[in-house]
Amino acid sequence: MTTIINIQNTDWNQECSPVIQKQALSALEEGNVLFFPQLSFKMADVESQFLSLTIVGKSKNVSFDVSTGKLRGSEVGEVETTMLQNMMQRFAIYSNELLFNLLPYYKADLVQSQTSFRPVEVAGRSTSWRKDDTRLHVDSFPSRPVQDKRILRVFSNVNPNGQGRSWRLGESFENVASRYLPSMSSPVWGSGWLLQLCGITKSRRSAYDHFMLQIHDRMKADLEYQLSVDQINYEFPSGSTWIAFTDQVSHAVMTGQYLLEQTFHLPVNSMQEPSRAPLQVLERLSGRKLT
Ligand code: SIN
Ligand code: FE
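An account of the accompanying structure is given in this report. (Residues numbered from 1 in each chain as written. Chains lettered and ligands numbered in written order. Predicted model: local features only at pLDDT ≥ 70, side-chain atom pairs only at ≥ 80, totals over all residues. Heavy atoms only, no water.)

### Section: the side chain of D247
- By the secondary structure assignment, D247 is in the loop between β9 (241–245) and β10 (251–255).
- For D247, the side chain forms a polar contact with the main-chain nitrogen of I151, separated by 2.9 Å.
- When sequence neighbours within four positions are dropped, the list of residues in contact with D247 reads V138, D139, K149, R150, I151, F173, Y208, M212 and P278. (Helix = DSSP H or I, 4+ residues; strand = E, 2+ residues; numbered from the N terminus. Polar contact = N/O pair within 3.5 Å; in protein donor to acceptor, adjacent residues only side chain to side chain. Contact = heavy atoms within 4.5 Å.)

Okay, here's the thing in structure tokens:
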């Protein structure tokens with residue numbers, strides 16, 4: 001079962017003691033959530049205009065690429081676009097600083113990916129069952145294969161009205177995988193290449209991606225499982241921050257509005273204990289190489 005580990009950082013660039021660093025690294029790799037109750041992302045007065053539903057279009061999220069400065073999914077004017085870029089860039093930089101201080105073991109190999117801002121209330125949001133994040137799942141995305149990399153995410157609740165973000169956390173990855181793997185089919189030979197060729201995926205979908213996507217879908221489609229599996233509810237208060245390997249931690253979001261999120265990718269071999277990675281768990285359980 002997932003445990004929530006409290007860490008008392010108050011600043012994004014705060015130095016962390018070797019004891020905290022060691023504890024954080026092991027806890028994360030074991031599939032727990034690191035929770036920073038006192039670490040909040042401060043928005044400037046002019047940025048509070050972004051705490052509104054009107055800034056997003058159909059996509060519901062705004063995404064930002066810190067390496068190119070490109071913003072997607074927003075429906076704001078030119079001046080506001082620059083301000084929103086600045087805000088998201090600040091969160092990207094802060095997240096980077098937090099991970100560098102907390103997890104120096106990963107420092108050389110972490111790759112920073114998309115930053116996202118999620119201004120839509122989760123409860124009552126209409127989506128297909130596959131995109132419905134109120135159902136327990138591990139992260140895996142149809143158009144964004146990871147090949148063999150981990151997904152590490154930093155979340156910060158920036159709700160201005162004191163509203164928490166309420167999550168459910170389920171069973172261990174080992175249990176999830178053991179439950180669904182026996183009934184899953186292998187990828188059709190050449191399908192990863194074909195999906196990329198047709199532009200359905202941004203890069204080649206590996207056998208590992210194939211199995212992770214199936215696990216994601218099986219979990220979400222299994223309503224009996226959603227209700228009956230061992231789980232806890234946890235509400236992350238406004239003004240707090242948390243970190244998890246979301247490809248490993250079974251999670252669902254039930255309520256909440258206004259979230260910043262930063263995604264990082266990490267090669268499995270850069271972990272302290274690569275055997276804990278979903279890739280290696282699946283390889284062990286299936287008895288075959290998946291990349
Ligand atoms: C998710 O990763 O499933 C959603 C997390 C959130 O929006 O709180
Ligand atoms: Fe998710």
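Having seen the model, we can carry on.
### A closer look at the sheet that holds strand β6 (residues 149–157)
- If you trace the 8 strands from one edge of the open sheet to the other, you get β1-β2-β9-β6-β11-β5-β3-β4, paired in mixed fashion. A single partner strand is all that each edge strand has here, and the edge strands are β1 (4–6) and β4 (70–72). Along the sheet, successive strands turn relative to each other by an average axial angle of 20°, direction set aside.
- Relative to strand β11 (residues 259–267), strand β5 (residues 111–118) runs antiparallel, the two sharing 6 bridges. Counterpart to S116 in the pairing with β11 is E261.
- Packed onto the sheet, helix α2 (residues 78–102) meets β2 (33–36), β3 (62–65), β4, β5, β6, β9 and β11 and runs at close to 50° relative to β11. (Pairing = 2+ DSSP bridges. Axes fitted to C-alpha atoms, helices over the stretch in contact; angles between N-to-C directions.)

### Some thoughts on the layout of surface pockets
- One number sums up the size of the largest pocket: a volume of about 1500 Å³.
- In this structure, the largest pocket is lined by 44 residues; those nearest its centre are N61, R118, F141, R144 and R153.
- When residues of the lining of the largest pocket are traced back to their parent elements, those giving at least two are β3, β5, β6, β7 (165–169), α5 (207–221), β10 and β11. (1 Å grid on protein atoms, 1.4 Å probe; cavity = no way out; pocket = protein on both sides within 12 Å on 5 of 7 lines; lining within 4 Å. Points joined across faces, edges and corners; volume = space filled by probe spheres on them.)

### Thoughts on the environment of Q163
- For Q163, the location among the structural elements is in the loop between β6 and β7.
- Ignoring any residue separated from it by four or fewer positions in sequence, one finds Q163 in contact with E121, N157, S238, T255, G256 and Q257.

### A few points about the coordination of the iron ion (ligand 2)
- Of the protein atoms, only H137 (NE2), D139 (OD) and H251 (NE2) coordinate the iron ion (ligand 2), at distances of 2.1 to 2.2 Å.
- Residue classification places H251 among the buried residues on the basis of a relative accessible area of 6%. (Donors = N, O, S within 2.8 Å, 3.2 Å for Na, K, Ca; no water. Buried < 20%, exposed > 50% of the residue type's maximum accessible area, 1.4 Å probe, protein only.)

### Thoughts on the sheet that holds β10
- Read from one edge of the open sheet, 3 strands run β8-β7-β10, paired in antiparallel fashion. What marks the edges here is a single partner per strand, and that holds for β8 (232–236) and β10. Averaged over all adjacent pairs, the angle separating strand axes in this sheet is 30°, with direction ignored.
- In terms of strand pairing, β7 meets β10 through 4 bridges, oriented antiparallel. Looking at the pairing, R168 lines up with A252 of β10.

### A word on the environment of S275
- The residue S275 is located in the loop between β11 and α7 (278–286) in this model.
- As a C-alpha pair, S275 and E29 span 246 residues in sequence and 9.5 Å in three-dimensional space.
- Beyond its immediate stretch of four places on either side in the chain, S275 contacts Q280 and V281.

The values reported here are purely geometric and, on their own, carry no functional implication.
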